[in-house]
Amino acid sequence: MKTIRIGNGQGFWGDNVDAPVELLRGGPIDYIGMDYLAEVTLSIMMRQKLKDPRLGYATDFIGFIRRVLREAKERNVRILANAGGLNPRACRAKIFEVARELGVSGVRVGVVEGDDLFPRLRDLVEAGHPMKNMDTGEPLAPVVDRVMSANAYLGARPVVEALRQGAQIVLCGRITDTALALAPMIHEFGWGEEDWNHLAAGTIAGHVIECGAQCTGGNFSRWWEVPDLWNVGYPVVEARADGTFTVTKHPGTGGMVTLDTVAEQLLYEMGDPAGYITPDVIADFTSIRLAQEGKDRVAVSGIVGRPRTPFLKVSASYLAGYKGSGQITISGPRAIAKAQLAAEVVWKRLERAGVTFAGEHRSTELVGTGVCLPGVLGAADEPPEVVLRLGVRDPDPKKVERFGQEIAPLITAGPPGVTGFAGGRPKPQEVMAYWPALLDRQEVESRIEVTVEEA
């Protein structure tokens, strides 16, 4: 049975820059997926694009392309990425610029658009699409003027069309993470739009590898069992037309692929395990069957899918005020008591200055005393030092700025043992809040354009 090999070399924007290069060079591979977009990433890209219309995409992707373009073209390895963000055309232009610099001709790049709803957002609301917050039920209208980005999650089909048109590199904005693996399977195996079980299998394959090394030993609960984590191999799926697949990694790399590492990743970002909803299909994770078929090889089979919903999920972000945070290290005897006193000093001095914050809009954390897992860790011996971290949030940036002026005075006008203050006064930063919503899929139309550049 025909087998294709699909790897994932990037789990988020900021992941290991060498991982996709090693994935390309470490063994046989047909497709490499590159996932750059978390929910907040698009709002960051929007701010970049507003400052410079040539930006708005994952610039790290260009560095990867520069390192591998010639080799990928010679070996016919196709690269799929949502690195296009809010400006896939600008990203494509940069790729063509790199191709010309390297003297690599005939590079075909596909651009998938249609996910960016920001220019149409007010019109959609006025046309009767409330886009209620999926968590709170509130309509979008009251905050629409503060929205910074709004993108519908597209599925695999537009990526498949770009592949059909011969694209070696496919640049997307907000498509589902799983589509980066599902699209090659649809393209290679000819799965239909209602072939629900196979589409669910491809979706789950994408889910397993979407976070890169999280299924090969990264972030694994029994971390001490993972060999050579410094050299962890990023995952490869060996996919077959019947919907079965094997999760593995290149030989000679660190990490491991076991029932446990794969099972832990299956639970990642999981809601209803019997109804994992994507634009392409609803996948039933309870139908999955795993089997260890050899060292660093886990076979996956038995997957069942159901028809897709009439909606697409929209991921929007909006300005929800300002925040500021600062920290100092407090050392010596009675470090905890001194840190508590230092926090009290800051809050009381701010109150004297007429600057107050609601209890839920200010935080006091003593890092080193169990603050990361409150109520879980037992009492420990008195630590020799703690990190005091203070934070505030408010609609008024001037109040946040005033808060930032109270950290440094603790050095000489607070308890003894203060150190570790660096970076200057904390400055107000925008708070970008997440707004998940649903929109009739008929309101979203994807666009595909494949172009070729001769060096």
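Here, every reference points to the structure presented above.
Residue indices follow the written sequence of each chain, beginning from 1 at its first position. Local features in this predicted model are restricted to residues whose pLDDT is 70 or higher, and side-chain atom pairs enter the listing and the counts only when it is 80 or higher, whereas totals over whole chains, interfaces and linings include all residues. Just so you know, side-chain values use all the structure's heavy atoms and leave hydrogens and water out.

**Here's the deal with the overall build of the chain**
- Runs of E in the DSSP output that reach at least two residues are strands. Runs of H or I that reach at least four are helices, and both are numbered from the N terminus. Within the chain, the regular secondary structure consists of 12 helices and 19 strands.
- We compute the radius of gyration from the C-alpha atoms alone; for a globule the expected value is 2.2 Å times N to the 0.38, where N is the number of residues. Taken over C-alpha atoms, the radius of gyration comes to 25 Å for the chain, in line with the 23 Å a tight globule of 455 residues would show.
- A principal-axis box enclosing the C-alpha atoms of the chain has dimensions of 70 × 55 × 50 Å.
- Excluding contacts between residues fewer than 6 apart, the proportion of contacts in the chain whose partners are at least 24 apart in sequence is 77%.
- Accessible area for the chain stands at about 20600 Å²; split by element, carbon and sulfur atoms hold 51% of it.
- The positive count covers Lys and Arg only, the negative count covers Asp and Glu only, and His and the chain ends enter neither. The atom standing in for a charge is NZ when the residue is Lys, CZ when it is Arg, CG when it is Asp and CD when it is Glu. In the chain, 50 positive and 57 negative side-chain charges are present, and the distance between their average locations comes to 4 Å. What makes two residues a contact is simply this: any of their non-hydrogen atoms within 4.5 Å. Throughout, the Shrake-Rupley method with a 1.4 Å probe supplies accessible areas, and for residues the shown protein chains are the sole cover considered.

**Section: the sheet that holds strand S9 (residues 276–277)**
- The pairing criterion for strands is at least two bridges between them, as found by DSSP. As summarised here, the arrangement of the 3 strands in space is S9-S10-S13, forming an open sheet in which the pairing is antiparallel. Two strands close off the open sheet at either side, each with one partner strand: S9 and strand S13 (304–306).
- Here S9 pairs with strand S10 (residues 282–284) via 2 bridges, running antiparallel. Bridge pairing links Ile 277 to Ile 282 in S10.

**A few points about the state of the cysteines**
- Note on terminology: pairs of cysteine sulfur atoms within 2.5 Å are recorded as disulfides. As enumerated under the stated definition, the model contains 0 disulfides in all.
- The thiol sulfur of Cys 211 is not disulfide-bonded, and the nearest other cysteine sulfur, from Cys 215, lies at 8.6 Å.

**Side note on the nonpolar core**
- Remark: nonpolar core denotes a set of buried residues (Ala, Val, Leu, Ile, Met, Phe, Trp, Tyr, Cys) joined through side-chain atoms within 4.5 Å. Each residue's exposure class comes from its accessible area (1.4 Å probe, protein chains only) as a fraction of the maximum for that residue type: buried when under 20%, exposed when over 50%, partly exposed otherwise. Membership of the largest hydrophobic core comes to 71 residues, with the highest contact counts inside it found for Met 131, Val 170, Met 185, Ile 204, Phe 245 and Val 247.
- Within the second largest apolar cluster, 44 residues are counted, among which are Ile 32, Phe 64, Ala 72 and Val 232.

**Quick notes on the side chain of Asn 133**
- Mapped onto the secondary structure, Asn 133 falls in the loop between helix H5 (121–126) and strand S5 (147–152).
- A relative accessible area of 7% places Asn 133 in the buried class.
- Discounting residues that sit within four places of it in the chain, Asn 133 has contacts with Glu 138, Tyr 434, Trp 435 and Pro 436.

**Notes on helix H8 (residues 196–209)**
- A helix is expected to span 1.5 Å for every residue after the first. Under the 1.5 Å per step criterion, the end-to-end length of H8 is 20 Å for 14 residues, consistent within 8% with the ideal 20 Å.
- All buried positions along H8 are accounted for by Trp 196, Leu 199, Ala 200, Ala 201, Gly 202, Thr 203, Ile 204, Ala 205, Gly 206, His 207, Val 208 and Ile 209.

**A few points about the side chain of Asn 151**
- In this structure, Asn 151 sits in strand S5.
- Under the rule applied, a polar contact is a pair of N or O atoms within 3.5 Å (in protein, one hydrogen donor and one hydrogen acceptor; residues adjacent in sequence only if both atoms are side-chain atoms). A distance of 2.8 Å separates the side chain of Asn 151 from the side chain of Asp 115, its partner in a polar contact.
- Apart from residues no more than four positions distant in its own chain, Asn 151 is found in contact with Leu 42, Leu 86, Asp 115, Asp 116, Leu 117, Arg 174, Lys 313, Val 314 and Ser 315.

**Let's talk about the pattern of salt bridges**
- In what follows, salt bridge is the name for a side-chain nitrogen of Lys or Arg lying within 4 Å of a carboxyl oxygen of Asp or Glu. Taken as a whole and judged by the stated rule, the model has 26 salt bridges.
- The shortest N-O distance in the salt bridge between Arg 66 and Glu 101 comes to 2.6 Å. Separated by 35 residues along the polypeptide, Arg 66 in helix H3 (residues 60–75) and Glu 101 in helix H4 (residues 88–102) bring together distant segments of the chain.
- We classify Glu 101 as partly exposed; its relative accessible area is 49%.
- The partner of Arg 92 in a salt bridge is Glu 449, with the nearest N and O atoms 2.7 Å apart. Of this pair, Arg 92 sits in helix H4 while Glu 449 is found in strand S19 (residues 447–453), placing the two residues 357 residues apart along the sequence.
- The exposure class of Arg 92 is buried, given its relative accessible area of 10%.
- Within this structure, Arg 89, Arg 92, Glu 113 and Glu 449 form a network of salt bridges that share partners.

**Looking at the sheet that holds strand S12 (residues 297–301)**
- Taken together, 10 strands build an open sheet; the order of strands is S11-S12-S8-S7-S1-S2-S3-S6-S4-S19 and the sheet is mixed. Looking at strand neighbours, the two that pair on one side only are strand S11 (289–294) and S19, the edges of this open sheet. Across the sheet, the mean angle from the axis of one strand to that of its neighbour is 20 degrees, orientation sign disregarded.
- Here 4 bridges tie strand S2 (residues 31–34) to strand S3 (residues 78–81), and the two strands are oriented parallel to one another. When the sheet's bridge partners are listed, Tyr 31 is paired in S3 with Arg 78.
- The strands touched by H4 are strand S4 (107–113), strand S6 (169–171) and S19; relative to S4, the strand with the most contacts, the crossing angle is about 170 degrees.
- With respect to the sheet, helix H9 (residues 259–266) is in contact with strand S8 (245–249), S11 and S12, its orientation differing from that of S11 by roughly 150 degrees. Angles run from 0 to 180 degrees between N-to-C directions of axes, and those axes are lines fitted to C-alpha atoms, restricted for helices to the stretch in contact.

**Quick look at the pairing of S4**
- Summarising burial for S4: 6 of the 7 residues are buried, a large majority.
- Pairing analysis gives 7 bridges linking S4 to S19, with the strands arranged antiparallel. Its bridge partner lying in S19, Val 112 is registered against Ile 448.
- In this structure, S4 lies alongside S6, joined through 3 bridges in parallel fashion. Residue Val 109 lies in a different strand from S6, and its bridge partner there is Ile 169.

**Topic: the packing of helix H7 (residues 179–189) against H8**
- Packing of H7 against H8 brings their axes to within 7 Å, and their N-to-C directions diverge by 140 degrees. Between H7 and H8 lies a crossing whose hand is right-handed. On H8, the residues that touch Ala 181, Leu 182, Met 185 and Ile 186 of H7 are Leu 199, Gly 202, Thr 203, Ala 205, Gly 206 and Ile 209.
- Residue type decides the class: Asp, Glu, Lys and Arg count as charged, Ala, Val, Leu, Ile, Met, Phe, Trp, Tyr, Cys and Pro as nonpolar, and the leftover types, Gly among them, as polar. Split by residue class, the contact of H7 with H8 holds 7 nonpolar, 3 polar and no charged. Left-handed describes a crossing in which the near helix is turned anticlockwise from the far one by less than a right angle; the clockwise case is right-handed.

**Re the packing of aromatic side chains**
- Note on aromatic pairs: the rings of Phe, Tyr and Trp (six-membered ring only in Trp) are paired at centre separations within 6.5 Å, and the planes decide the class, stacked below 30 degrees, edge-to-face beyond 60, tilted for the rest. Here the structure, examined in full by the defined rule, presents 7 aromatic pairs.
- Ring geometry for Tyr 36 against Phe 61: centres 6.0 Å apart, planes inclined by 80 degrees, an arrangement best described as edge-to-face. One end of the pair, Tyr 36, is in the loop between S2 and helix H2 (41–51); the other, Phe 61, is in helix H3, and 25 residues separate them in sequence.
- Residue Tyr 36 is classed as buried on the basis of its relative accessible area of 2%.
- Here Phe 61 falls in the buried class, since its relative accessible area comes to 0%.
- When the ring of Phe 189 is compared with that of Trp 191, the centres are 5.5 Å apart and the planes differ by 40 degrees; the resulting orientation is tilted. When sorted by exposure, Phe 189 lands in the same class as Trp 191, which is buried.
- One aromatic cluster in this structure is built from Tyr 36, Phe 61 and Phe 64.
- A ring has a charge above it when a Lys NZ or an Arg CZ is no more than 6 Å from the ring centre and no more than 35 degrees off the ring normal. Lying over the aromatic face of Trp 347, Arg 362 brings its terminal NZ or CZ to 4.5 Å of the ring centre.

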